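Given next are the chains, with one letter for each unit.
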Amino acid sequence: MNRIFHLIVLCVLMASACAARDRGSFEYRIPPGWHVRNAEVSESGLTALVIWQNVPNDRALKGDFASRLLLFDKAGRPVCDLKFDNPRSFWMTRDDRVILEEGNEGVDRITVFDARGRRLFETPTWRRNPVPALLGKEIGLWNTNGPFSVAGTWEISIIDGDTGGEKFKFPLTVQGDSLFCGFLPIGEGGHYLVGLG
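Residues numbered from 1 in each chain as written. Predicted model: local features only at pLDDT ≥ 70, side-chain atom pairs only at ≥ 80, totals over all residues. Heavy atoms only, no water.

Visitor: Any chance you could explain the environment of isoleucine 158 here in plain terms?
Guide: Considering the arrangement of structural elements, one finds isoleucine 158 in strand E14 (residues 152–159). Taking the relative accessible area as the measure of exposure, isoleucine 158 reaches 0% and is therefore buried. For the pair formed by isoleucine 158 and tyrosine 192, sequence separation is 34 residues and the distance between their alpha carbons is 9.9 Å. If we skip the residues at most four places from it in the chain, isoleucine 158 touches Glu138, Ile139, Gly140, Gly165, Glu166, Lys167, Phe168, Phe170, Phe183 and Tyr192. (Helix = DSSP H or I, 4+ residues; strand = E, 2+ residues; numbered from the N terminus. Buried < 20%, exposed > 50% of the residue type's maximum accessible area, 1.4 Å probe, protein only. Contact = heavy atoms within 4.5 Å.)

Below you can see the structure in the form of structure tokens.
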């Protein structure tokens, strides 16, 4: 059955991004046998969708299904349709880069594409999640949220959003039964926000 995915909801949630569009919304017919995994509209009006292949539960649990990255310009015209043999999800950066995550049980690697769908770089993450900086082009790599029963140290890396090269890394020490709440690279002036507790 065909599904029509309306970006009107996204436009309501992201009013500033929709103000940059020539039109308030557009429609894209999801192909039969696929469903939307995630969608986002950038400040400049670039729209990104990742769709996943519908498969039986046993295949889905193994990560044995295809995915596609679809990019649309601010007028709703298709820019690219990239196909992958495994499931992917994504983040968008302020400068219209798309960070695709790959991995079935945690993030094994990321691939970064520009607004035209050209691959800029690929880098392993060693089970760390990517987080784009609020300002600038940096990408943080950090461990997922989770309760801790013992103290431990995690390694956080900051990578360059143009090249994928590691700029620096630092340890985060978790003590006792703290809950690691999150990590956010601000990006300008070397400021980073870490939430613990």
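Text resumes after the structure shown.
Visitor: Would you mind showing me how to read the pattern of salt bridges here?
Guide: What the rule picks out here adds up to 15 salt bridges. A salt bridge links aspartate 81 to lysine 83, with the shortest nitrogen-to-oxygen separation between them at 3.7 Å. Residue classification places aspartate 81 among the partly exposed residues on the basis of a relative accessible area of 31%. Note that arginine 97 is salt-bridged to aspartate 162, the shortest N-O span being 3.0 Å. Placement of arginine 97 in the loop between strand E7 (88–92) and strand E8 (98–102) and of aspartate 162 in the loop between E14 and strand E15 (166–174) is noted, with a sequence separation of 65 residues between them. Judged by relative accessible area, which is 15%, arginine 97 ranks as buried. Overall, the relative accessible area of 36% leaves aspartate 162 in the partly exposed class. If you follow the salt bridges from partner to partner, you end up with Asp95, Arg97, Lys137 and Asp162 in one network. (Salt bridge = Lys/Arg side-chain N within 4 Å of Asp/Glu carboxyl O.)

Visitor: Looking at this structure, how should I read the pairing of strand E11 (residues 129–132)?
Guide: Side-chain direction in a regular strand flips from residue to residue, so the side chains alternate between the two faces of the sheet. Across the two faces of E11 the burial is the same, with Asn129 and Val131 and Pro130 and Pro132 all buried. Summarising the sheet, E11 and strand E12 (residues 139–142) pair through four bridges and their orientation is antiparallel. Across the sheet, the residue bridging to valine 131 is glycine 140, located in E12. (Pairing = 2+ DSSP bridges.)

Visitor: Looking at this structure, I do not really get the nonpolar core. What am I missing?
Guide: Considering soluble globular proteins, one finds that nonpolar side chains tend to be buried as a cluster. The biggest cluster of nonpolar side chains holds 16 residues, and the ones touching the most others in it are Leu69, Leu71, Phe90, Val98 and Leu100. Breaking this core down by element, the ones donating at least two residues are strand E4 (47–53), strand E5 (67–72), strand E6 (78–84), E7 and E8. Residues Tyr28, Ile30, Trp34 and Ile51 belong to the second largest nonpolar core, which totals nine residues. (Core = buried A, V, L, I, M, F, W, Y, C linked by side-chain atoms within 4.5 Å.)

Visitor: In this structure, what is going on with unusual backbone geometry? I would like to understand it.
Guide: Trans peptide bonds make up most of the peptide bonds, and negative phi angles are found at most residues other than glycine. A positive phi angle, close to 60°, is found at aspartate 96, a residue other than glycine. As for its position among the elements, aspartate 96 is in the loop between E7 and E8. With a relative accessible area of 14%, aspartate 96 lands in the buried category. Positive phi outside glycine occurs at tryptophan 126, with the angle close to 55°.

Visitor: Just checking my understanding: could you explain the sheet that holds strand E10 (residues 119–124) for this structure?
Guide: Backbone-to-backbone hydrogen bonds join strands into a sheet, with any given pair of strands oriented parallel or antiparallel. Pairing is antiparallel in the open sheet, where four strands are placed in the order E7-E8-E9-E10. Edge positions in the sheet fall to E7 and E10, since each of these pairs with one other strand and no more. Between one strand and the next, the sheet's axes are offset by a mean angle of 20°, whatever the strand orientation. In this sheet, E8 lies alongside E7 in antiparallel orientation, the contact comprising five bridges. Within the sheet, the bridge partner assigned to serine 89 lies in E8 and is glutamate 101. (Axes fitted to C-alpha atoms, helices over the stretch in contact; angles between N-to-C directions.)

These values are about where atoms sit, not about what they do.
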